[in-house]
Amino acid sequence: MDFNITAEEETLVLRVAERHEAGDSPTDDDLADELGDEVRPQLQRLLEKGWLVVDADRSLALSKIAQAAISSRRDVGGPG
């Protein structure tokens, strides 16, 4: 996993996490509709870096390591 992500990529990771916490399972199309097509290359990079995974329904989710990183970050007073 590549832990070096941009601020824009981090924002997308947090958005996917928020949507999951709200009971939603967004696809890349959902996020592009919400945030604009310019997020597609960022989503692809996050998939390649191991932050996001895609399930059989094309829904995006955080990888196990990304979930731990976000959880750990929140434990020390980060967003969330």
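Above: the structure in question.
Per chain, residue numbering runs from 1 following the sequence as it is written. Only residues with pLDDT of 70 or above have their local features reported here, since the model is predicted, and side-chain atom pairs are shown and tallied only from 80 upward, although totals for entire chains, interfaces and linings are computed over all residues. Heavy atoms from the whole structure form the basis of all side-chain values; hydrogens and water molecules are not counted.

Regarding its fold elements, the protein presents four helices and two strands. By definition, any uninterrupted DSSP run of H or I lasting at least four residues is a helix, any uninterrupted run of E lasting at least two residues is a strand, and each is numbered from the N terminus. Listing each helix as α and each strand as β along the protein from the N terminus yields α-α-α-β-β-α. Against the 2.2 N^0.38 benchmark of 12 Å for 80 residues, the protein shows a C-alpha radius of gyration of 12 Å, consistent with a compact globule. The principal-axis extent of the C-alpha atoms belonging to the protein is close to 30 × 25 × 25 Å. This radius of gyration counts C-alpha atoms alone. The globule rule is 2.2 Å times how many residues there are, raised to the power 0.38.

Between the rings of Phe, Tyr and Trp (Trp by its six-membered ring), a pair exists once the centres lie within 6.5 Å; its type follows the angle of the planes, with under 30 degrees stacked, over 60 edge-to-face, and the other angles tilted. This structure, assessed with the given rule, holds one aromatic pair. Taking 6.1 Å as the distance between ring centres and 80° as the angle between the ring planes, the aromatic pair formed by phenylalanine 3 and tryptophan 51 counts as edge-to-face. Of this pair, phenylalanine 3 sits in the segment before helix 1 (7–21) while tryptophan 51 sits in the loop between helix 3 (39–49) and strand 1 (52–54), placing them 48 residues apart in sequence.

What follows deals with the side chain of serine 63. When you line up the elements, serine 63 lands in the loop between strand 2 (60–62) and helix 4 (64–75). Definition of a polar contact: a pair of N or O atoms within 3.5 Å, with one able to donate and the other able to accept a hydrogen when the atoms are protein atoms, and with sequence-neighbouring residues admitted only if both atoms are side-chain atoms. A polar contact is formed between the side chain of serine 63 and the backbone oxygen of glycine 50, at a distance of 2.7 Å. What serine 63 contacts, discounting residues up to four positions off in sequence, is Met1, Gly50, Trp51, Leu52 and Val53. Should any heavy atoms of two residues lie within 4.5 Å, those residues are counted as being in contact.

What describes two packed helices is the angle between their axes and the distance between those same axes. It is the contact of helix 1 with helix 2 (residues 28–35), at a shortest axis distance of 12 Å, that shows an interaxial angle of 110°. It follows from the interaxial angle that helix 1 and helix 2 lie roughly perpendicular. Both helix 1 and helix 2 take part in a crossing whose hand is right-handed. Contacts from Leu12, Arg15, Val16 and Arg19 in helix 1 reach Asp30, Leu31, Glu34 and Leu35 in helix 2. Grouping the constituent residues of the contact of helix 1 with helix 2 by class yields four nonpolar, no polar and four charged. Lines fitted to C-alpha atoms define the axes here, with helix axes fitted over just the stretch in contact, and angles between the N-to-C directions of these axes take values from 0 to 180 degrees. Orientation categories follow fixed angle ranges, with anything under 35 degrees roughly parallel, anything over 145 roughly antiparallel, 65 to 115 roughly perpendicular, and all other angles oblique. For any helix crossing, the convention is left-handed if the near helix is rotated counterclockwise from the far helix by under a right angle, and right-handed if that rotation is clockwise. Each residue receives one of three labels: charged for Asp, Glu, Lys and Arg, nonpolar for Ala, Val, Leu, Ile, Met, Phe, Trp, Tyr, Cys and Pro, and polar for the others, Gly being one of them.

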